[in-house]
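Structural characterization, general
The primary structure of each chain is shown beneath.
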Amino acid sequence: MTIITPPPITRQITRESAMRVRFAPSPTGYIHIGNVRTAIINYLIAQKTGAVMVLRIEDTDMERSTVESEKSIMEDLKWLGIRWQEGPDVGGNHGPYRQSERFGIYREYTEKLLAQGDAYHCYCSQEELDAMRAEAESKGTAFTYNGKCRNLTPEQKKKLEAEGRRPTVRFRVPDGETVSFRDHIKGPVTFSSENIGGDFIIVRSDGTPIYNYIVTIDDTLMGITHVIRGEDHLSNTPKQILVARALGLNVPEYAHLALVLGPDRTKLSKRHGITSLNLYREEGYLPEALINYLAMLGWASDTGEEIIPIKDIIAQIDITNLAKSAAIFDFQKLKWMNGKHLRELPLDRATDLFTPFIAKAGYDVSDRKFIERIVSVVQVKCEVLSDIGRLAGIFMEDAPEPDDEAAAMLRSEEGRQVIEAAAALFAGEINAGNFAESLVNAVKDRTGLKGKKLFMPLRALITGRLQGPELDQALPVIGFERVSKRIERCRKTFC
RNA sequence: GUCCCCGUCGUCUAGGGGUCGAGGACACCGGGUUUUCAUCCCGGCAACAGGGGUUCGAAUCCCCUCGGGGAUGCCA
């Protein structure tokens, strides 16, 4: 961590006419799907308006912030295709872009607040605060810091410090002040300064600043014109505005996005399991599907079309047509949407994307042509890229063991008929040159079976399962040798 | 508890005073295409939270109630 010397406050404040937005994650773990949506909306709006996108790392919580998660967040954003023009990795004129590197700047503002009397040192310990909170709780009233340390004399301070107490800095919340602003999504919002919980801590006893204090400093210093963030920040906004007022900083415009909820209707969090983006990536979700789905959560296209390319989303989305109410994350619909995007992929790109998943399932992917043929046959069967892991064996293994369903099918009356017919055909009229075109009909003629009764046993025989690719298409890809081995194996096992 | 936000099918939404006996999508159920599962196509089920206003007319505007969520941290 480097602490830079702060430039004079006045020189730092920049006014810019162009729109600037930011995404400000805190690097305390994998990026979470709710934050991903915030990032996506910021990105989409930036693309639409030509706004500069800033990435700021909010790592003031030294306990929980890690460089690894900062890295993974940036990687995930890049994977999604989200780009920023300013950030810790690319630099820019409003840096540094890590809050941990801006402590010197905040310190200067803290001195100013202290000097103005808008902030003061508070010596109450964690335990004392907890006790006050517990008492308020038991009385059923709201906890508001009582201002105990508001007017300490130098002597009192000295005495408290002598006890070994390290003070925090609290912001002195003015009485009877109204804070209102016009939110781009929610409309006009008004708070009274009486209702924000009393004087709040802006600097921890270890000297590190707190989010609600520095967020507005950074936003104005970085020239952010529009703060687009989750609704969970709505109630914090008045604190931030009060700080800005005391500091003489002008506040940005706000757009508070309705929250993404889990199936239990509470704010989506780790508890809901499937929330970190890398999990989706690993399962084989496509960036374009994720963006499509997440954008659609709380927004609808002009035509009502749901599967929509990113460029069309950018063309149509607007800060004013985003939903005001929270939305439940529907995993099933996302999966459906991913399948739609997956099926529309051109073969070449689909092959690129599927290949690592085939490799991950343990198969050799060195023969690109062969992989491409497999993909062309099973692409339509997949909803996520990892689905191919279960299907690849059909083409890659000599004689895979039929699964339970398929085995049951092969043991049935029709199953045996089909196996024997196929075996006989392979011993005679069917050969490497004609098997792909002839097998199905030859078995049909020999057994008299048709429709489902023909295809299901055949499917079980050839692929070892009841669900899978179109048989006509799969046969030539599997190849004569392997089909022959499978028939032989099944004949021995089931007849 | 207090403050703030929100409230159309189970879920995501369209709608913004008459064209709404409420439209689309996911899911679910039925049917069709496919000599096969799936894809694809067609059909069905299913909602304006409740109560008061305002208005000739309210899902749409206002108020109350109820319900949900968020904030209330030396987290962000």
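Please read these numbers as outputs of a predicted model, since none were measured by experiment.

Thresholds applied
Residues numbered from 1 in each chain as written. Chains lettered and ligands numbered in written order. Predicted model: local features only at pLDDT ≥ 70, side-chain atom pairs only at ≥ 80, totals over all residues. Heavy atoms only, no water. Helix = DSSP H or I, 4+ residues; strand = E, 2+ residues; numbered from the N terminus. Rg over C-alpha atoms; globule rule 2.2 N^0.38 Å. Buried < 20%, exposed > 50% of the residue type's maximum accessible area, 1.4 Å probe, protein only. Contact = heavy atoms within 4.5 Å. Areas by Shrake-Rupley, 256 points an atom, 1.4 Å probe, with all protein chains shown as cover. Lys, Arg positive; Asp, Glu negative; His and termini not counted. Charge placed at Lys NZ, Arg CZ, Asp CG, Glu CD. Pairing = 2+ DSSP bridges. Axes fitted to C-alpha atoms, helices over the stretch in contact; angles between N-to-C directions. Near = heavy atom within 4 Å. Polar contact = N/O pair within 3.5 Å; in protein donor to acceptor, adjacent residues only side chain to side chain. Nonpolar A, V, L, I, M, F, W, Y, C, P; charged D, E, K, R; others polar. Phe/Tyr/Trp six-rings, centres within 6.5 Å; stacked < 30°, edge-to-face > 60°. Lys NZ or Arg CZ within 6 Å of the ring centre and 35° of its normal. Salt bridge = Lys/Arg side-chain N within 4 Å of Asp/Glu carboxyl O. pLDDT = per-residue confidence, 0-100.

Along the backbone of chain A there are 21 helices and 11 strands. Relative to its length of 495 residues, chain A is extended, with a C-alpha radius of gyration of 31 Å against a globular reference of 23 Å. Oriented by its inertia axes, the alpha-carbon framework of chain A measures out at about 105 × 50 × 40 Å. Every one of the 495 residues in chain A was classed for burial, and the buried ones make up 51%. Sequence-distant contacts in chain A: of pairs separated by 6 or more residues, those separated by 24 or more amount to 76%. About 23,100 Å² of surface is accessible on chain A, with carbon and sulfur atoms providing 49% of the total. Each charge class in chain A was averaged separately, 65 positive and 68 negative side chains, and the resulting centres sit 1 Å apart.

With antiparallel pairing, the three strands of this open sheet are ordered in space as β3-β4-β7. Either end of the sheet is taken by a strand with one partner, and the two such strands are β3 (119-122) and β7 (200-203). Neighbour-to-neighbour, the strand axes of the sheet open up by a mean angle of 45°, direction not taken into account. As paired elements, strand β4 (residues 168-171) and β7 share three bridges and run antiparallel to each other. From the neighbouring strand, Arg 170 faces β7, where its bridge partner is Ile 201.

Time to look at the protein's contact with RNA strand B. Taken together, 65 residues lie around RNA strand B, and Thr 60, Arg 64, Arg 204, Arg 459 and Glu 470 are the ones closest in. Of what RNA strand B places within 4 Å of the protein, 69% of the atoms are sugar or phosphate. Here a sugar or linking oxygen of RNA strand B sits 2.8 Å away from a polar atom, N or O, in the side chain of Glu 231. Lys 267 places a polar main-chain atom, nitrogen or oxygen, 2.9 Å from a phosphate oxygen of RNA strand B. Classifying every residue of the surface near RNA strand B gives 24 nonpolar, 20 polar and 21 charged.

All told, the structure shown has 10 aromatic pairs when counted by the stated rule. Their ring planes at 75° and their centres at 6.3 Å tell us that Tyr 280 and Phe 329 sit as a pair that is edge-to-face. Here Tyr 280 is found in helix α9 (residues 277-283), whereas its partner Phe 329 is found in the loop between β11 (327-328) and α12 (331-344), with 49 residues between them in sequence. Overall, Phe 329 belongs to the buried group, its relative accessible area being 7%. Grouping aromatic residues by their ring pairs yields a cluster made of Tyr 280, Tyr 285, Tyr 293, Phe 329 and Phe 331. Directly above the aromatic system of Tyr 145 lies the positively charged group of Arg 170, at a separation of 3.5 Å from the ring centroid. Directly above the ring of Phe 200 sits Lys 239, whose terminal nitrogen or CZ lies 5.5 Å from the centroid.

In this section: the pattern of salt bridges. Enumeration over the complete set of coordinates arrives at 32 salt bridges. Of the charged contacts in the structure, one is a salt bridge between Glu 86 and Arg 20, with a shortest N-O distance of 2.9 Å. One end of the pair, Glu 86, is in the loop between α3 (67-80) and α4 (103-116); the other, Arg 20, is in strand β1 (residues 20-23), and 66 residues separate them in sequence. Here the salt bridges do not stand alone but share partners, grouping Arg 22, Arg 56, Glu 58, Arg 102, Asp 218 and Asp 219 into one network.

Here we come to the confidence of the model for chain A. Within chain A, residue pLDDT values average 91, and 97% of them lie at 70 or more. Mean pLDDT in chain A bottoms out at helix α1 (residues 9-12), which sits at 36, and peaks at β1, which reaches 98. Long-range and interchain partners of residues 1-17, a stretch whose pLDDT sits below 50, account for 31 contacts in this model, where long-range means more than four residues apart. For this predicted complex, the interface confidence score (ipTM) comes to 0.95, while the overall pTM stands at 0.91.

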